[in-house]
Amino acid sequence: MLIDTHAHIMFPEFDEDREDVIGRARAAGLQHIVNVGCGAGSSALSVKMAKDDESGFLYATVGLHPYDALDISDELLEEWEKWILADRKGGGERKIIAIGETGLDYFKSNVDHERQKFSFLKHLELAVKLGLPVIVHNRAADEDCFGLLKQFSRDGELYKKLVQDCGCDENEMEPVRAVFHCYGSTLEFARKVWAAGFYTSFTGIITYPSAKELREVVKEAPLDKFMVETDCPYLAPQGHRGKRNEPSYVVETAQKIAEVKGIDFERLSKIATENTRKFFKI
Ligand SMILES: [Zn+2]
């Protein structure tokens with residue numbers, strides 16, 4: 001009973017056998033897949049796939065990866081807001097459950113840092129305004145990511161401004177909820193992330209023999225502040241390393257977390273799923 005909290009099964013890597021991939025995820029005992037948008041196109045696809053899936057197995061998110069930060073615009077944000085509001089009015093279960101992935105990548109993205117920050121900020125505004133959590137991509141940008149998130153926390157200036165602008169009181173608008181997806185920073189930074197109330201989510205990287213430091217983070221992660229994900233088609237866990245990753249492989253990562261934490265796998269899965277349901281409100 002696990003949820004893959006971060007997959008990209010709308011990617012062309014899955015065009016040939018998408019239904020089989022979803023079938024294997026169900027067979028592996030997954031309850032849901034959060035199919036994460038990371039560009040204007042993949043976000044639209046994510047929403048379409050979740051809407052078309054009557055079984056409710058797939059959830060959608062909308063966001064621009066730091067690689068695509070140049071695509072941020074008022075039009076795009078308005079479109080997403082429209083989709084999210086329509087999704088809520090539908091009467092059925094909500095399908096669009098988070099904003100992201102968004103964030104900052106100072107390692108690989110070609111986009112100027114200021115522009116990335118602007119895009120991230122716009123995502124955070126939308127998320128807080130609509131009461132949705134944020135999926136954060138952070139690479140080599142610990143302090144800037146954290147700083148912006150703090151701005152939208154209870155005492156943050158930008159959070160206070162949003163509350164003021166909407167004319168509501170603080171009880172009506174929650175501060176930001178965020179997960180550092182594919183956590184890959186230091187233990188010291190992770191402690192800061194947890195202390196601020198944010199989550200860390202772990203991919204197959206934690207199963208790699210070389211990832212000793214990261215397993216220290218896994219070991220210390222508070223039981224109510226972690227989630228598990230594949231980030232497929234990338235980052236297949238050790239047992240499938242070098243191949244295309246897929247949601248069913250999240251089990252291997254969860255097994256490693258259970259082993260590192262010294263917790264029975266069934267119990268670990270239950271806790272990870274509870275954390276996921278609480279974080280996304282599903
Ligand atoms: Zn991703």
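Residues numbered from 1 in each chain as written. Predicted model: local features only at pLDDT ≥ 70, side-chain atom pairs only at ≥ 80, totals over all residues. Heavy atoms only, no water.

Caption draft 1: Region of the structure containing the coordination of the zinc ion. The zinc ion binds to the protein through H6 (NE2), H8 (NE2), E101 (OE) and D231 (OD), with metal-donor distances spanning 2.1 to 2.3 Å. Bound by 4 donor atoms, the zinc ion shows angles of 85 to 177 degrees at the metal and therefore irregular coordination geometry. Written as a sequence motif, the donor residues of the zinc ion are H-x1-H-x92-E-x129-D. Here the residue H8 occupies a position in the loop between β1 (2-7) and α1 (18-27), and E101 occupies one in strand β4 (residues 96-105), the gap between them amounting to 93 residues. (Donors = N, O, S within 2.8 Å, 3.2 Å for Na, K, Ca; no water. Tetrahedral: all angles 85-135°; square planar, octahedral: opposite > 155°, others 65-115°. Helix = DSSP H or I, 4+ residues; strand = E, 2+ residues; numbered from the N terminus.)

Caption draft 2: Looking closely at the nonpolar core. Ranked by size, the top nonpolar core spans 80 residues in total, and within it I9, L149, F180 and F202 carry the most contacts. When residues of this core are assigned to their parent elements, the largest contribution, 7 residues, is made by helix α4 (residues 113-130). Apart from the residues within four sequence positions on either side, F202 is in contact with Y183, V217, V218, A221, F226, M227, V228, E229, T253 and I257. Residues I135, V179, M227 and F280 belong to the second largest nonpolar core, which totals 12 residues. (Core = buried A, V, L, I, M, F, W, Y, C linked by side-chain atoms within 4.5 Å. Buried < 20%, exposed > 50% of the residue type's maximum accessible area, 1.4 Å probe, protein only. Contact = heavy atoms within 4.5 Å.)

Caption draft 3: Structural view of the environment of G91. Of note, G91 is situated in the loop between α3 (74-89) and β4. Residue G91 is classed as exposed on the basis of its relative accessible area of 65%. C-alpha of G91 to C-alpha of V134: the two residues are 43 residues apart in sequence and 23 Å apart in space.

Caption draft 4: Spotlight on the packing of aromatic side chains. One pass over the full model with this rule turns up 7 aromatic pairs. Centroid distance F146 to F198: 6.1 Å. Interplanar angle 80 degrees. Geometry classified as edge-to-face. Here F198 lies in the loop between α7 (187-195) and β7 (199-202) and F146 lies in helix α5 (residues 142-151), a separation of 52 residues in the sequence. For the pair shown, F146 and F198 are each scored as buried. The interplanar angle of 85 degrees and the centroid separation of 4.9 Å between the aromatic rings of F279 and F280 together place this pair among those described as edge-to-face. Owing to a relative accessible area of 0%, F279 belongs among the buried residues under this scheme. One aromatic cluster is present, built from ring pairs that chain together F146, F180, F189 and F198. It is R26 that lies over the ring of F57; its NZ or CZ is 4.3 Å from the centre. (Phe/Tyr/Trp six-rings, centres within 6.5 Å; stacked < 30°, edge-to-face > 60°. Lys NZ or Arg CZ within 6 Å of the ring centre and 35° of its normal.)

Caption draft 5: Structural context of the sheet that holds β7. Pairing is parallel in the open sheet, where 8 strands are placed in the order β1-β2-β3-β4-β5-β6-β7-β8. Strand pairing shows two members of the sheet lacking a second neighbour, β1 and β8 (226-228), which therefore form its edges. The mean angle between the axes of side-by-side strands here comes to 30 degrees, regardless of whether they run parallel or antiparallel. As defined by bridge partners, strand β5 (residues 134-139) adjoins strand β6 (residues 178-180) across 3 bridges and the pair is classed as parallel. Counted as the bridge partner of V134 is A178 from β6. Packed on one face of the sheet, α5 meets β4, β5 and β6 and runs near 155 degrees to β5. Packing of α7 onto the sheet brings it into contact with β5, β6 and β7, and relative to β7 it is tilted by some 130 degrees. (Pairing = 2+ DSSP bridges. Axes fitted to C-alpha atoms, helices over the stretch in contact; angles between N-to-C directions.)

Caption draft 6: View of the pairing of β4. By the criterion of burial, β4 is predominantly enclosed, with 10 of the 10 residues buried. Both β4 and β5 contribute to a ladder of 5 bridges, which runs parallel. Counted as the bridge partner of L104 is N138 from β5. At this point the chain moves from β4, through α4, to the parallel β5, and the crossover so formed is right-handed. (Right-handed = clockwise from strand over helix to strand, strands pointing away.)

Caption draft 7: Spotlight on the pattern of salt bridges. A complete count under the given rule lists 18 salt bridges for this structure. We note a salt bridge from R24 to D17, for which the minimum N-O separation is 3.8 Å. Under the relative-accessibility criterion, R24 is labelled partly exposed at 37%. D165 is paired through a salt bridge with K161; the nearest N and O atoms lie 3.1 Å apart. One end of the pair is D165 and the other is K161, both in helix α6 (residues 157-166) and 4 residues apart, which spans about a single turn. Take D165: its relative accessible area is 53%, and that puts it in the exposed class. On the basis of relative accessible area, K161 is assigned to the partly exposed category, the value being 45%. (Salt bridge = Lys/Arg side-chain N within 4 Å of Asp/Glu carboxyl O.)

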